[in-house]
Amino acid sequence: MALLTLSDIRVRYGSVEVLHGINLRVEEGEIVALLGANGAGKSTTLLSVSGLVRPCAGEILFEGRNLLRLPSHEVVRLGIAQSPEGRRVFGAMSVLENLRLGAFCIRDTARSERTLEWIFDLFPRLLERREQLAGTLSGGEQQMLAIGRALMAEPRLLLLDEPSLGLAPLLVRSIFETVRTINERGVTVLLVEQNARAALKLATRGYVLEVGNVVMEDRAASLLADANVREAYLGG
Ligand SMILES: Nc1ncnc2c1ncn2[C@@H]1O[C@H](COP(=O)(O)OP(=O)(O)OP(=O)(O)O)[C@@H](O)[C@H]1O
Ligand SMILES: [Mg+2]
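Residues numbered from 1 in each chain as written. Chains lettered and ligands numbered in written order. Predicted model: local features only at pLDDT ≥ 70, side-chain atom pairs only at ≥ 80, totals over all residues. Heavy atoms only, no water.

Draft legend 1. Layout of the coordination of the magnesium ion (ligand 2). For the magnesium ion (ligand 2), the full set of protein donor atoms is Ser43 (OG) and Glu85 (OE), and the range of their distances to it is 2.0 to 2.2 Å. Pair noted here: Ser43 is in helix α1 (residues 42-50) and Glu85 is in the loop between β6 (80-83) and α3 (95-102), with a separation of 42 residues, a long-range link. The class for Glu85 is partly exposed, based on a relative accessible area of 35%. (Donors = N, O, S within 2.8 Å, 3.2 Å for Na, K, Ca; no water. Helix = DSSP H or I, 4+ residues; strand = E, 2+ residues; numbered from the N terminus. Buried < 20%, exposed > 50% of the residue type's maximum accessible area, 1.4 Å probe, protein only.)

Set out below in structure tokens:
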């Protein structure tokens, strides 16, 4: 059984349907890339999994449990955490406060402290700036914080929405390397990215979304080599 399975997921915003029956699966241990142009429905797909958007049809199974009626905090408790598009850190709170908020569902405070140490190992910048207000961080540091905050929930599945958006090239590479490290520590990853080439180099498999439909699904290496994908998403 896959860790996560989306079957025929449909989402409407008002009267407009934006996901037209998404089928997607993520196996335990994988990094799965979700690619597509602006407005294709990538974020909406992730928000459906995390319970922040309610599909009007379909099924989302996480370890065989249907998530469709669960409030988002219950989804976090089950082991799914999201680093949202645009980071959305709490600017008026410190780095440390933001991170601790991410652990709202963890009762074992000693374990949370170990997770915090791990996050500071992953992102030494966050350790240096732990007392600083999140709103004063650079874009790259806020991205680290958003990922760190999600990891504080000790997820088995991490949903990453455009972690490299707006970052300088050197930082982009470092964020992708960190995603690999996180995955090697046993966290399964569903990764939304505009940076398709880097995402496919990291991923095991990938999906391509076009206007609310999955139009391709394959091993990441096959997508990287595919002429249509190269033309549309990899700059030829
Ligand atoms: N809250 C909303 N209300 C109405 N329409 C929305 C809302 N959020 C997204 N949409 C529309 O739904 C469609 C899918 O949007 P979504 O944000 O999921 O795409 P995306 O692939 O993440 O795009 P991007 O690459 O720009 O982040 C788009 O047409 C978008 O305009
Ligand atoms: Mg998006």
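Draft legend 2. Highlighting helix α6 (residues 139-151). Its 13 residues place the ends of α6 18 Å apart at the C-alpha level, agreeing with the 18 Å of an ideal helix rising 1.5 Å per residue. Restricting attention to buried positions, one finds in α6 the residues Gly140, Glu141, Gln142, Gln143, Met144, Leu145, Ala146, Ile147, Gly148, Arg149, Ala150 and Leu151. Against β6, α3, α4 (109-122), α5 (124-128), β7 (157-161) and α7 (169-184) lie the buried residues of α6. (Expected span 1.5 Å × (residues − 1). Contact = heavy atoms within 4.5 Å.)

Draft legend 3. Seen up close, the packing of α3 against α6. Contact pair α3 / α6: the axes reach a minimum separation of 6 Å and the direction vectors enclose 35 degrees. By crossing handedness, the relation of α3 to α6 is classed as right-handed. Every residue of α6 that contacts α3 at Val95, Asn98, Leu99 and Gly102 is listed here: Leu145, Gly148 and Arg149. Along the lines of polarity and charge, the residues of the contact of α3 with α6 split into three nonpolar, three polar and one charged. (Axes fitted to C-alpha atoms, helices over the stretch in contact; angles between N-to-C directions. Left-handed = near helix turned anticlockwise from the far one by under 90°. Nonpolar A, V, L, I, M, F, W, Y, C, P; charged D, E, K, R; others polar.)

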